[in-house]
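Below are the chains, spelled out letter by letter.
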Amino acid sequence: MRFSPHICSNIRFAYLQQYAKIMLRNQCNYVKHPATGEPEKDMQMKNELFEEEDSLPEENKKRGFAFYLKKVFKYLFITMMVMAWAAVLLVIFLRRDHAIVKTPVLSAQARSVYEQDPEHFEFYRVYPAVFRSEEGACQLKNCVYAATAGEYEIGLRIAWTQLRYCEQCGRLYTPDQLESQKKYDEEDDPHSCIALGHELVRASETGRTLSYKVFDSKGREYETTNLVTRTKDINLGFFAIKYEFIRLAFGGLYFDLDANIINRESSVDLTGEMTSEDGASDEEDRGMRWYFVIYDAETDDRLFETCIYDNDTVLEDEAYELPDSDYLS
Ligand SMILES: [Zn+2]
């Protein structure tokens, strides 16, 4: 049996691999073919080469089923990982906020005050201490205070798919409220939907609406001056989200900014308590408080309440920019 170099073009890839291995392992000794004068590997090398080749089909047979099963599992695993990552990225993409929730808009009247004298338009970013319900169903975003116009604007994200509705009682609940209902049995709370075993559905499927109010610690209520909303409603069956993104402005709020914590001269006394230079207590320093409340529009049940301003609420100076004209409707 003679070895011809042309055979190389017909043998399988595995053969080539083996050939390359042997070429590297041995110091290749070539001899001239006696008839053609073509360079040829010497016999010792050829024998080794064919021995290796002969062993290949046996090896393949041996690894057969287990080998291919391993390959199938490997590709199945890679496919699943890619799909899981794609799903995670899709959820992050779908859950991201609409830009309007973070864009100060203000009422037409406040904007005209700004346009008359932009240089002297006092505008602050406000950081209420509690800005979300515990489970995040109601969340305040980018609250601002236009001091010159006496307007306070709240960015709000409502996660409707997190709110629950009881068809028997006709009431809306946040996840936090239902969680606290679990602490009581029927005797403690005869109206607890959890204790009574009522069926709760996603509020996003009910078409219910919410109402919003701002009032101060003296009980005065403030007028809504502007409201813009955008809704994201996606239901893929296995995955559903419904978010409402809102900018909500209230007028007639005039805060004493000189008494705000950023302007107040405070010091820490020997007991470690914060006191003002004039010796006033924390409670006195805090002054009047303003509250924001979210209600179920039909039943007037309170779903969420937070203090949006007192003298201890942190403010940050910011420049106001007129919003995109799409947000003015
Ligand atoms: Zn109920």
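What counts, and at which threshold
- Residues numbered from 1 in each chain as written.
- Predicted model: local features only at pLDDT ≥ 70, side-chain atom pairs only at ≥ 80, totals over all residues.
- Helix = DSSP H or I, 4+ residues; strand = E, 2+ residues; numbered from the N terminus.
- Buried ≥ 20, exposed ≤ 12 C-beta atoms within 10 Å, placed from the backbone.
- Contact = placed C-beta atoms within 7 Å.
- Pairing = 2+ DSSP bridges.
- Axes fitted to C-alpha atoms, helices over the stretch in contact; angles between N-to-C directions.
- Core = buried A, V, L, I, M, F, W, Y, C linked by C-beta atoms within 7 Å.

1. Focus on the overall build of the chain
Here is step 1: Within the chain one finds 5 helices and 17 strands.
Here is step 2: Buried positions account for 20% of the 329 residues belonging to the chain.
Here is step 3: Here the analysis covers contacts within the chain between residues at least 6 apart in sequence; of these, 66% occur between residues at least 24 apart.

2. A look at the sheet that holds strand 10 (residues 221-222)
Consider a sheet: its strands pair through backbone hydrogen bonds, and that pairing is either parallel or antiparallel.
Here is step 1: One open sheet holds the 4 strands; their spatial order is 10-9-15-16, and the pairing between them is antiparallel. Where the open sheet ends on each side, the last strands, each with one partner, are strand 10 and strand 16 (302-309).
Here is step 2: For strand 9 (residues 210-216) and strand 15 (residues 290-296), the ladder comprises 7 bridges, and the chain directions are antiparallel. In the strand pairing of strand 15, Leu 210 is matched with Asp 296.

3. A short note on the sheet that holds strand 17 (residues 314-317)
Here is step 1: Judged by pairing direction, the sheet is antiparallel, and its 6 strands sit side by side in the order 11-12-5-4-3-17 without closing on themselves. Two strands in the sheet have a free side with no partner beyond their single neighbour: strand 11 (224-235) and strand 17. Taking the axes of each pair of neighbouring strands and ignoring which way they run, one obtains an average angle of 20° across the sheet.
Here is step 2: With 11 bridges connecting them, strand 11 and strand 12 (residues 240-251) associate as antiparallel partners. Its bridge partner lying in strand 12, Arg 230 is registered against Phe 245.

4. Comments concerning the pairing of strand 5 (residues 151-159)
Here is step 1: Strand 5 sits mainly inside the fold: 9 of its 9 residues count as buried.
Here is step 2: What you see with strand 5 is no split at all: Glu 151, Glu 153, Gly 155, Arg 157 and Ala 159 on one side and Tyr 152, Ile 154, Leu 156 and Ile 158 on the other are buried throughout.
Here is step 3: The sheet contact formed by strand 4 (residues 138-146) and strand 5 spans 7 bridges and is antiparallel. The residue bridging Ala 146 from the neighbouring strand is Glu 151, located in strand 5.
Here is step 4: Where strand 4 hands over to strand 5, the hairpin turn is made up of 4 residues, of which Gly 150 adopts a positive phi near 60°.
Here is step 5: The pairing of strand 5 with strand 12 spans 9 bridges and is antiparallel. Looking at strand 12, one finds that Arg 157 is bridged to Phe 245.

5. Some thoughts on the nonpolar core
Here is step 1: Ranked by size, the top nonpolar core spans 43 residues in total, and within it Val 144, Tyr 145, Ala 146, Ile 154, Ile 158 and Ile 308 carry the most contacts.
Here is step 2: Beyond its immediate sequence surroundings of up to four residues, Ile 154 is in contact with Leu 140, Cys 143, Leu 248, Phe 292 and Ile 308.

6. Some details on the environment of Thr 148
Here is step 1: The topology assignment puts Thr 148 in the loop between strand 4 and strand 5.
Here is step 2: On the basis of neighbour count, Thr 148 is assigned to the partly exposed category, with 16 C-beta atoms found within 10 Å.
Here is step 3: Along the sequence, Thr 148 and Phe 121 sit 27 residues apart, while their C-alpha atoms lie 5.8 Å from each other.
Here is step 4: Ignoring sequence-local partners within four residues, the contact set of Thr 148 consists of Val 113, His 120, Phe 121 and Glu 122.

7. Examining the environment of Leu 210
Here is step 1: Here Leu 210 lies in strand 9.
Here is step 2: Through-space distance from the C-alpha of Leu 210 to that of Thr 299 is 9.7 Å; in sequence the pair is 89 residues apart.
Here is step 3: In contact with Leu 210, not counting residues within four places along its chain, are Ile 158, Ile 294, Tyr 295, Asp 296 and Ala 297.

8. Here's the deal with the environment of Glu 151
Here is step 1: Tracing the chain through its elements places Glu 151 in strand 5.
Here is step 2: A C-alpha to C-alpha distance of 7.5 Å links Glu 151 and Leu 106, two positions 45 residues apart in sequence.
Here is step 3: For Glu 151, the residues in contact, after removing those within four places along its chain, are Leu 106, Ser 107, Ala 110, Ala 146, Thr 225, Ala 249, Phe 250, Gly 251 and Leu 253.

Such coordinate-based values are descriptive only and should not be taken to indicate function.
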